Amino acid sequence: MGRVKAMAMELEERFAEKALDIVDECETWHQFSSRMEGYMDLVNHMALDDVISMLTNIWVEHQETIAKEAYSGMVKEVKWEPKDE
């Protein structure tokens with residue numbers, strides 16, 4: 001792998017790590033994406049669609065984790081049994 005490619009991948013990893021740190025502090029997508037604007041220089045070599053896709057994936061995974069934690073144990077399994085007539 002060339003040095004430029006390795007450096008680009010390292011910058012993308014740093015951007016993703018920063019996003020993972022920040023996502024816990026944000027309550028809305030707008031707040032999260034706005035905070036990440038300050039780190040866009042790390043991924044200025046990427047297409048904007050790819051950056052948005054990366055942030056969207058991080059946001060969605062975070063929201064799914066929150067939902068699972070919030071509802072764990074609250075939903076009981078319901079077994080349907082027909083009535084004997």
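The rules behind each value
Residues numbered from 1 in each chain as written. Predicted model: local features only at pLDDT ≥ 70, side-chain atom pairs only at ≥ 80, totals over all residues. Heavy atoms only, no water. Core = buried A, V, L, I, M, F, W, Y, C linked by side-chain atoms within 4.5 Å. Buried < 20%, exposed > 50% of the residue type's maximum accessible area, 1.4 Å probe, protein only. Helix = DSSP H or I, 4+ residues; strand = E, 2+ residues; numbered from the N terminus. Contact = heavy atoms within 4.5 Å. pLDDT = per-residue confidence, 0-100.

### Concerning the nonpolar core
At step 1: With 15 residues, the main nonpolar core has Phe-15, Ala-19, Phe-32, Met-36, Val-51, Leu-55 and Ile-58 as its most contacted residues.
At step 2: Only helix H1 (3-23), helix H2 (29-36) and helix H3 (48-71) provide two or more residues apiece to this core.
At step 3: In terms of residues, this core owes the most to one element, H3, which gives five residues.
At step 4: Setting aside residues no more than four positions away along its own chain, Ile-58 makes contact with Ala-16, Ala-19, Leu-20, Val-23 and Phe-32.

### Brief notes about the confidence of the model for the protein
Should pLDDT be low for a region, the predicted coordinates there are not to be read in detail.
At step 1: Predicted confidence across the protein gives a mean pLDDT of 89, with 89% of residues reaching 70 or more.
At step 2: Here H3 is the element of the protein with the lowest mean pLDDT, 91, and H2 is the one with the highest, 96.

### Some details on the environment of Met-54
At step 1: Examined against the element boundaries, Met-54 turns out to sit in helix H3.
At step 2: Along the sequence, Met-54 and Glu-12 sit 42 residues apart, while their C-alpha atoms lie 9.5 Å from each other.
At step 3: In this structure, Met-54 is in contact with Glu-12, Phe-15, Ala-16 and Met-46, ignoring residues within four places of it in sequence.

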